[in-house]
Amino acid sequence: MKQRKELFTPEEKDEAFALLSGSVKKYTDEMIDRWNTEIDTYLVYAGLFSAIVTGFNVQSYLVLQQQPDPMLAAMQQISLQLSSLTIQPPFVNSTHPAFGSSDAARAGPAPGPPPDAATVAINTLWFSSLVLSLSSASVGIMVKQWLNEFKSGLPSDKTASEKGESRTGRETLESARLRQSRLNNLEKWRVHLVVLAIPVLLQLALAFFLAGLLVLVWSLHPTVAAVTTSFVSLLAIFTLGTMLLPAFKQSCAYLSPQ
């Protein structure tokens, strides 16, 4: 049998391999850089948002504690003393001990009334918002570590040019195989879904915070609550609209992970 004629020369094979490996390298570098940039933005937002929510939580959680009312305790003490007065002219005596001398006084005033439903709802929403915001920051930090590990050991154009090295075909083949293997692992373990979960957590945190804010303002003043609700409603309509329009219009540019 005659040997089959070689269809491609070694130079053509090297050129085709360089073209394919270069395309994979460009794709992965752009993807990793884009994810790193997005996560950096998310981390800044999560830090600022967590600081704001913490300021509200510091004030709101105090209402959950059943703080004793000192004025109520004083009034109760005065009432007990007045009810125990005995008049024996020319003396007026009280059988109830004075302030601080009774067992009840030494035990402290009775706790105040339990928090109402609005207070519980506000704290539940705001503390949930804080947890979601911190969770997004934690996930973002972990993903950045994964991305840095992905790039470790892979040659880049910058390092090659700085060292003045020219990679041989063997080195190019090894780096291309390593890059492709890591890219396959990113897809296998759904790392892109983890990246997409970060803005979703931040959106949920914002929704919980605004919901708690509405509960607060409606318990304070109806005019302030109505104005605040209108602005929150506009934001909700805009967010839902930009999320749903791409599902009906393929040419819509409102593309987001949510």
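Residues numbered from 1 in each chain as written. Predicted model: local features only at pLDDT ≥ 70, side-chain atom pairs only at ≥ 80, totals over all residues. Heavy atoms only, no water.

**Q** Could you clarify how one ought to interpret the pattern of salt bridges in this entry?
**A** Charged atoms that come close allow side chains of opposite charge to pair. For the structure on display, the rule yields four salt bridges. A salt bridge links K151 to D33, with the shortest nitrogen-to-oxygen separation between them at 3.7 Å. Here D33 lies in helix α1 (residues 10-64) and K151 lies in helix α4 (residues 117-151), a separation of 118 residues in the sequence. What makes D33 partly exposed here is its relative accessible area of 40%. Among the ionic pairs, D40 bridges to K144, the shortest N-O distance being 3.0 Å. One end of the pair, D40, is in helix α1; the other, K144, is in helix α4, with 104 residues separating them in the sequence. According to the relative accessible area criterion, D40 is partly exposed, its value standing at 37%. Because the salt bridges share partners, they merge into one network encompassing K25, D29 and R179. (Salt bridge = Lys/Arg side-chain N within 4 Å of Asp/Glu carboxyl O. Helix = DSSP H or I, 4+ residues; strand = E, 2+ residues; numbered from the N terminus. Buried < 20%, exposed > 50% of the residue type's maximum accessible area, 1.4 Å probe, protein only.)

**Q** Would you mind going over the confidence of the model for the protein with me for this structure?
**A** Interpreting fine coordinate detail is not advised for predicted regions of low pLDDT. Model confidence for the protein is summarised by a mean pLDDT of 81, while 72% of its residues fall at 70 or above. The secondary structure element of the protein with the lowest average pLDDT is helix α3 (residues 103-107), at 50, and the one with the highest is helix α7 (residues 191-218), at 97. Considering only residues more than four positions removed or in separate chains, one finds that residues 163-170, a stretch of pLDDT under 50, has five contacts. (pLDDT = per-residue confidence, 0-100. Contact = heavy atoms within 4.5 Å.)

**Q** Sorry if this is basic, but what is going on with the environment of L196 here?
**A** Mapped onto the secondary structure, L196 falls in helix α7. With 158 residues separating them along the chain, L196 and E38 place their C-alpha atoms 10.0 Å apart.

**Q** Is there a simple way to think about the packing of α4 against α7 in this case?
**A** When two helices pack together, their arrangement is given by the angle between the helix axes and by the axis-to-axis distance. One way to put it is that α4 packs onto α7 with a least axis distance of 8 Å and a crossing angle of 160°. Classed by the angle they form, the pair α4 and α7 counts as roughly antiparallel. Between α4 and α7 lies a crossing whose hand is left-handed. Across the contact of α4 with α7, the residue classes tally to 23 nonpolar, seven polar and no charged. (Axes fitted to C-alpha atoms, helices over the stretch in contact; angles between N-to-C directions. Parallel < 35°, antiparallel > 145°, perpendicular 65-115°, else oblique. Left-handed = near helix turned anticlockwise from the far one by under 90°. Nonpolar A, V, L, I, M, F, W, Y, C, P; charged D, E, K, R; others polar.)

**Q** Where do I start with a negative patch on the surface in this structure?
**A** Among the surface-exposed residues, E11, E12, D14 and E15 lie close enough to one another that they form a single negatively charged patch. Note on placement: E11 falls in helix α1. Under the relative-accessibility criterion, E11 is labelled exposed at 56%. (Patch = residues over 30% accessible without salt bridge, like charges linked within 9 Å, V, L, I, M, F, W, Y side chains within 5 Å. Areas by Shrake-Rupley, 256 points an atom, 1.4 Å probe, with all protein chains shown as cover. Lys, Arg positive; Asp, Glu negative; His and termini not counted. Charge placed at Lys NZ, Arg CZ, Asp CG, Glu CD.)

**Q** So what exactly am I meant to see when it comes to the packing of aromatic side chains here?
**A** Each aromatic ring pair is described using two quantities: the centre-to-centre distance and the angle formed by the ring planes. Per the counting criterion, the structure on display carries five aromatic pairs. Measuring from centroid to centroid gives 5.8 Å for F49 and F209, while their planes differ by 80°, and the two rings are edge-to-face. One end of the pair, F49, is in helix α1; the other, F209, is in helix α7, with 160 residues separating them in the sequence. In this structure, F49 and F209 share a single accessibility class: buried. Cluster of aromatic residues (ring-pair linked, three or more members): Y45, F49, F56, W126 and F209. (Phe/Tyr/Trp six-rings, centres within 6.5 Å; stacked < 30°, edge-to-face > 60°.)

**Q** Hey, could you run me through the side chain of S50 in this one?
**A** Tracing the sequence through the fold places S50 in helix α1. The exposure class assigned to S50 is buried, which follows from its relative accessible area of 8%.

**Q** What is the right way to read the nonpolar core from this model?
**A** The tendency in soluble globular proteins is for nonpolar side chains to be buried as a group. By size, the foremost hydrophobic cluster in this structure holds 18 residues, and its most contacted members are M31, I32, W35, V143, L147 and L186. Elements with a minimum of two residues in this core: α1, α4, α6 (169-188) and α7. Per-element accounting of this core gives the leading share, six residues, to α1. Leaving out residues up to four positions away in the same chain, L186 has contacts with M31, I32, W35, F150 and V191. Counting residues in each nonpolar core, the second largest holds 15 residues, with A205, F209, L213 and A225 among its members. (Core = buried A, V, L, I, M, F, W, Y, C linked by side-chain atoms within 4.5 Å.)

**Q** Please clarify how the packing of α1 against α7 should be interpreted in this entry.
**A** In contact at an axis separation of 11 Å, α1 and α7 are set at 25° when each is read in the N-to-C sense. As judged from the angle between their axes, α1 and α7 are roughly parallel. Here α1 runs over α7; the crossing is left-handed. Side by side, α1 and α7 meet where W35, E38, I39, Y42, Y45, A46, F49, V53 and F56 of the first sit next to V191, H192, V195, I198, P199, L202, A205, L206, F209 and L213 of the second.

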